[in-house]
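Here's the letter readout for the chains.
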Amino acid sequence: MTPSTSPIVIIVGTNRPNSMSRKIAEYYQEILQQLHAPSIILDLVNLPDDFTVSALYANTGKNEAFNNLKSLLEQTDKFVFIVPEYNGSYPGVLKAFIDGLPYPNSFSNKKAALVGLSSNMQGAAIALSHLNDVFSYLGMNTLALRVKLAQIRSHYNENVISNALYKELLEIQAGQIIHF
């Protein structure tokens, strides 16, 4: 199997400004660059503030800003989701974004890698499980290796991950998504 030439879309799974998820997405993108894999970061911070009323349901297709973000998904068949843990699951804004995409074709038969991060010891394990259930329902294929970055703020400083295992797992997973 040959790697895809379309860019891998790295989705920052929160709309929190200056999020740790964004920093990890940029770190992941550097790994992909070292592996000569093109990628694009889609940061949910760029979602229109009113997208849940201006781009969903009866307003599908009517919000140009949302449509521009949605179009990134049509350019690729591979994704990396950087998912922070919010209240024991993944952020609601990520669910709302997914719900606003065309069903069922947005993710059907596409591929994803999941990276969870948290301030606690679980590394967003439950959040990744919840998200994987949604992707399974939508027909998305996810890598078995789900990287869980527990207590991330203790292991990340100025664009460097100090935990050797975290670095290794991210590098392994990046290689897997390229060849998946």
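Bear in mind the structure is a predicted one, so any value in this text is a computation, not a measurement.

Calculation rules
Numbers given for residues are sequential positions, taken from 1 along each chain in its written order. Since the coordinates come from a predicted model, pLDDT governs what is reported: local features require at least 70, and pairs of side-chain atoms require 80 or more to be given and counted, while whole-chain, interface and lining totals use all residues. Excluded from the side-chain calculation are hydrogens and water; included are all heavy atoms of the structure. Simply put, an axis is a line fit to the C-alpha atoms, just over the touching stretch for a helix, and the angle between two N-to-C directions goes from 0 to 180 degrees. Numbering of helices and strands starts at the N terminus; helices are DSSP runs of H or I of at least 4 residues and strands are runs of E of at least 2. If an angle is under 35 degrees, it is roughly parallel; if it is over 145, roughly antiparallel; if it lies from 65 to 115, roughly perpendicular; otherwise it is oblique. Handedness of a crossing is defined here by the sense of rotation of the near helix relative to the far one, left-handed for an anticlockwise turn of less than a right angle and right-handed for a clockwise turn. Contact between two residues is taken to exist if any of their heavy atoms lie within 4.5 Å; hydrogens are not considered. When residues are sorted by character, Ala, Val, Leu, Ile, Met, Phe, Trp, Tyr, Cys and Pro go into the nonpolar class, Asp, Glu, Lys and Arg into the charged class, and all the rest, Gly among them, into the polar class. Basic side-chain nitrogens of Lys or Arg form a salt bridge, by our definition, when they fall within 4 Å of a carboxyl oxygen of Asp or Glu. Relative accessibility thresholds used throughout: buried, under 20% of the residue-type maximum; exposed, over 50%; partly exposed, between the two (1.4 Å probe, protein chains only). Think of it like this: strands point away, you trace from the first strand over the helix to the second, and a clockwise trace means the crossover is right-handed. Any helix carries an expected span of 1.5 Å times its number of residues minus one. At least two DSSP bridges between two strands are needed for those strands to be called paired.

> Hey, could you go over the packing of helix 1 (residues 20-34) against helix 6 (residues 164-179) for me, with residue numbers and the actual values?
Two elements in contact, helix 1 and helix 6, have axes separated by 10 Å at closest approach and are oriented at 60 degrees. It follows from the interaxial angle that helix 1 and helix 6 lie oblique. Of the two possible hands of crossing, helix 1 and helix 6 adopt the one that is right-handed. Packed against helix 1, whose contacting residues are Tyr27, Tyr28, Ile31 and Leu32, the element helix 6 presents Lys167, Leu170, Glu171, Gln173, Ala174, Ile177 and Ile178 at the interface. Taken together, the residues that form the contact of helix 1 with helix 6 break down as 8 nonpolar, 1 polar and 2 charged.

> Got a sec to walk through the pattern of salt bridges? Specific residues and values, please.
Tallied over the full model, the rule gives 3 salt bridges. Linking Arg22 and Asp43 is a salt bridge whose minimum nitrogen-to-oxygen distance equals 3.3 Å. Of the two residues, Arg22 sits in helix 1 while Asp43 sits in strand 2 (residues 39-43), which places them 21 residues apart along the sequence. Since its relative accessible area comes to 26%, Arg22 is described here as partly exposed. Asp43 gets classed as buried once you look at its relative accessible area, which sits at 6%. A salt bridge links Lys95 to Asp99; the nearest nitrogen and oxygen atoms lie 2.7 Å apart. Here Asp99 and Lys95 lie together in helix 4 (residues 92-99), a separation of 4 residues that amounts to about one turn. Under the relative-accessibility criterion, Asp99 is labelled partly exposed at 39%.

> So, the pairing of strand 3 (residues 78-84): which residues are in play, and what are the values?
Burial runs high along strand 3: 7 of the 7 residues are buried. The alternating pattern of strand 3 places Lys78, Val80, Ile82 and Pro84 and Phe79, Phe81 and Val83 on opposite faces, both of which are buried. Running through helix 4, the crossover from strand 3 to the neighbouring parallel element strand 4 (residues 111-117) is right-handed.

> Summarise helix 5 (residues 125-138); cite the residues concerned and give the values.
Owing to its 3.6 residues per turn, the α-helix brings residues three or four apart onto one side. Its 14 residues place the ends of helix 5 20 Å apart at the C-alpha level, agreeing with the 20 Å of an ideal helix rising 1.5 Å per residue. The elements touched by buried residues of helix 5 are strand 3, helix 4, strand 4, strand 5 (141-142) and strand 6 (147-149).

> How would you sum up helix 1? Please name residues and give values.
An ideal rise of 1.5 Å per residue puts 21 Å on 15 residues; helix 1 measures up with 21 Å between its terminal C-alpha atoms. Where helix 1 is concerned, the buried positions are Met20, Ser21, Ile24, Ala25, Tyr27, Tyr28, Gln29, Ile31 and Leu32. Count one or two residues on from helix 1 and you reach His36, which has phi positive near 60 degrees.

> So what's going on with the pairing of strand 2? Which residues, and what values?
Where burial is concerned, most of strand 2 is hidden: 4 out of the 5 residues are buried. Inspection of the sheet shows strand 1 (residues 8-12) paired to strand 2 by 5 bridges, in the parallel sense. From the neighbouring strand, Val12 faces strand 2, where its bridge partner is Asp43. Between strand 1 and its parallel partner strand 2, the chain crosses via helix 1, and the hand of that crossover is right-handed.

> Give me the lowdown on unusual backbone geometry, citing residues and values where you can.
The phi dihedral of Asn87 is positive, around 50 degrees, even though this residue is not glycine. Turning to its location among the elements, Asn87 is positioned in the loop between strand 3 and helix 4. In this model, Asn109 sits at a positive phi of 65 degrees, which is unusual for a non-glycine residue. As for its placement among the helices and strands, Asn109 is situated in the loop between helix 4 and strand 4. Judged by relative accessible area, Asn109 falls into the exposed class, the value being 62%.

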